[in-house]
Amino acid sequence: MRFSIGIITAERSMEMIRSIHDEISMSCDVTYLPYVTMRSLSSVYEQNIHRFDGVIFSGAFPYSYIVNHIGAVFKPHAYFELTDRDYYRTFARLLHQFPGIDISRVLMDRPTIDMDFSPIFGDARPMFFDFFVSDTPSLERAYDIAMEQSLRLWRNGEIDRVITRLTNLEAPLRSAGVPYELLFPSEASMIEIFHLLCGRIQSRMLVDSMTASGIAAAADPSPDGISEKMAQSLAKFNERNGMSLVIRGDEKKFELTTTNEILKDITQGYSNCLLSAYVKEDLCVPVCVG
């Protein structure tokens, strides 16, 4: 079975993610969903999340922004994360191009993983941007904060280079004449995350296909003839929802059988039972569903 996967990515990052397209598209239908601004990130997510079996974010930054501003991602999901080998690769390239570079004069994103710089640089360490991936207020202005800090330190002669995951900063940094390097996961790291997401989708599908059973009944005391009216009301609800329920009843209660996936839809993620609300409004009597 082929999964459908949406990749929500900063526009500039899409080019780098496409380096693994041939491999991931062999088993999945992949759609790229680029964004430029934080407002467009929210719009892209909300307009497309329902289309896919799972979604990958191009990094911890867009994922955290969505969680903080919209809420938990309800579909199987993952985000491309830098590993220590990706940091080492970037530093090795930097040291090869600029032998003797002073790492304390490099401004970069604060790592979202435990990263020990001492094996490479000893007691020296880079400067970090003034925003935090886990902090909602700073995420709101992350691009502005990063650009303002880069320009200020560069113009004051305090840094020689910027290293960042915020790939949409590339154009403004270049325009301002600030030397930069883009941090991005290697192809191997991205493929690992892709397979991780596929495993999560498979697990979710197995759980969703399991049988869910429940009981529906009018609350006592109930008027005469309520059982027949309730059967009709349940049938109407079932028809409107694609006949997704198997309904068996007797004089007092009705047994409902469906799948976990349908149950989540009917209960809006276990938060509000559409079935009980519909039957209660239709019959004008209290209804118990469980």
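All of these numbers come straight from a predicted model, not from anything done at the bench.

Peer 1: Summarise the sheet that holds strand 7 (residues 161–164); cite the residues concerned and give the values.
Peer 2: Pairing is parallel across the open sheet formed by four strands, whose spatial order is 6-5-7-8. The sheet is open, and its two borders are formed by strand 6 (127–128) and strand 8 (180–182), each paired with just one other strand. Direction of pairing for strand 7 relative to strand 8: parallel, over a ladder of three bridges. If you follow Val162 over to strand 8, its bridge partner there is Tyr180. Across the face of the sheet, helix 8 (residues 142–155) comes into contact with strand 5 (106–108), strand 6 and strand 7 while running at roughly 175° to strand 5.

Peer 1: If you had to explain helix 8 to someone new, which residues and values would you point to?
Peer 2: With 14 residues, helix 8 extends 20 Å between its outermost C-alpha atoms, agreeing within 8% with the 20 Å of an ideal straight helix rising 1.5 Å per residue. One or two positions beyond helix 8, positive phi appears at Gly157, with a value near 75°.

Peer 1: Give me the environment of Ser42: which residues, what numbers.
Peer 2: Structurally, Ser42 is set in helix 3 (residues 38–48). Between the C-alpha atoms of Ser42 and Ile70, which are 28 residues apart in sequence, the distance is 7.7 Å. With near-sequence residues (within four places) excluded, Ser42 lies in contact with Tyr65, Ile66 and Ile70.

Peer 1: Lay out the environment of Thr9 in plain terms, naming residues and giving numbers.
Peer 2: Mapped onto the fold, Thr9 is located in strand 1 (residues 3–10). With a relative accessible area of 0%, Thr9 lands in the buried category. In this structure Thr9 touches Met14, Ile17, Leu33, Pro34, Tyr35 and Ser58, once residues within four positions along its chain are discounted.

Peer 1: Account for the nonpolar core, with residues named and values stated.
Peer 2: Residues Ile8, Tyr35, Phe61, Tyr143 and Val162 are the most contacted members of the largest nonpolar core, which totals 35 residues. Among the elements that take part in this core, helix 8 stands out by supplying seven residues, more than any other. Discounting chain neighbours no more than four positions away, the residues touching Val162 are Leu107, Phe129, Ser150, Leu173, Val178, Pro179, Tyr180 and Glu181.

Peer 1: Describe the sheet that holds strand 9 (residues 211–218), listing the residues and the values that go with them.
Peer 2: Taking strand neighbours across the sheet as the criterion, the four strands line up as 10-11-9-12 in an open arrangement whose pairing is antiparallel. The sheet is open, and its two borders are formed by strand 10 (246–249) and strand 12 (287–289), each paired with just one other strand. Adjacent strand axes in the sheet meet at a mean angle of 20° when their direction is disregarded. The sheet contact formed by strand 9 and strand 12 spans three bridges and is antiparallel. Paired with Ala218 across the strands is Val287, a residue of strand 12.

Peer 1: Let's hear about the pairing of strand 1: which residues, and what values?
Peer 2: Within strand 1, eight of the eight residues are buried, which leaves the element mostly enclosed by the surrounding structure. Of the two faces of strand 1, the one carrying Phe3, Ile5, Ile7 and Thr9 and the one carrying Ser4, Gly6, Ile8 and Ala10 are both buried. Strand direction decides the pairing type here: strand 1 and strand 2 (residues 28–35), joined by eight bridges, are parallel. Bridge assignment links Ile8 to a residue of strand 2, and that residue is Leu33. Pairing between strand 1 and strand 3 (residues 54–57): four bridges, direction parallel. Bridging across to strand 3, Ile8 finds its partner in Phe57.

Peer 1: Tell me what's going on with the environment of Gln202, and back it up with residues and numbers.
Peer 2: Along the chain, the position of Gln202 falls in helix 10 (residues 187–208). We classify Gln202 as partly exposed; its relative accessible area is 46%. As for Gln202 and Met1, which are separated by 201 residues in sequence, their C-alpha atoms are 9.8 Å apart.

Peer 1: Explain the packing of helix 11 (residues 226–240) against helix 13 (residues 274–283) residue by residue, including any values.
Peer 2: Where helix 11 meets helix 13, the closest approach of the two axes is 10 Å, and the angle between their N-to-C directions is 130°. Between helix 11 and helix 13, the angle falls in the class oblique. The element helix 11 and its partner helix 13 pack so that their crossing is right-handed. For the pair formed by helix 11 and helix 13, the contact residues are Ile226, Lys229, Met230, Ser233, Leu234, Lys236, Phe237 and Arg240 on the first element and Leu274, Leu275, Tyr278, Val279, Asp282 and Leu283 on the second.

Peer 1: Tell me what's going on with the layout of surface pockets, and back it up with residues and numbers.
Peer 2: As a volume, the largest pocket reaches approximately 520 Å³. In terms of lining residues, the largest pocket is bounded by 14 residues, among which Phe74, Lys75, Arg204, Asp208 and Lys264 are the most central. Elements represented by at least two residues in the lining of the largest pocket include exactly helix 10 and helix 12 (260–266). When residues of the lining of the largest pocket are assigned to their parent elements, the largest contribution, four residues, is made by helix 10. Taken together, the residues of the lining of the largest pocket break down into five nonpolar, two polar and seven charged. In this structure, the second largest pocket spans a volume of roughly 350 Å³.

Rules behind the numbers
Residues numbered from 1 in each chain as written. Predicted model: local features only at pLDDT ≥ 70, side-chain atom pairs only at ≥ 80, totals over all residues. Heavy atoms only, no water. Pairing = 2+ DSSP bridges. Helix = DSSP H or I, 4+ residues; strand = E, 2+ residues; numbered from the N terminus. Contact = heavy atoms within 4.5 Å. Axes fitted to C-alpha atoms, helices over the stretch in contact; angles between N-to-C directions. Expected span 1.5 Å × (residues − 1). Buried < 20%, exposed > 50% of the residue type's maximum accessible area, 1.4 Å probe, protein only. Core = buried A, V, L, I, M, F, W, Y, C linked by side-chain atoms within 4.5 Å. Parallel < 35°, antiparallel > 145°, perpendicular 65-115°, else oblique. Left-handed = near helix turned anticlockwise from the far one by under 90°. 1 Å grid on protein atoms, 1.4 Å probe; cavity = no way out; pocket = protein on both sides within 12 Å on 5 of 7 lines; lining within 4 Å. Points joined across faces, edges and corners; volume = space filled by probe spheres on them. Nonpolar A, V, L, I, M, F, W, Y, C, P; charged D, E, K, R; others polar.

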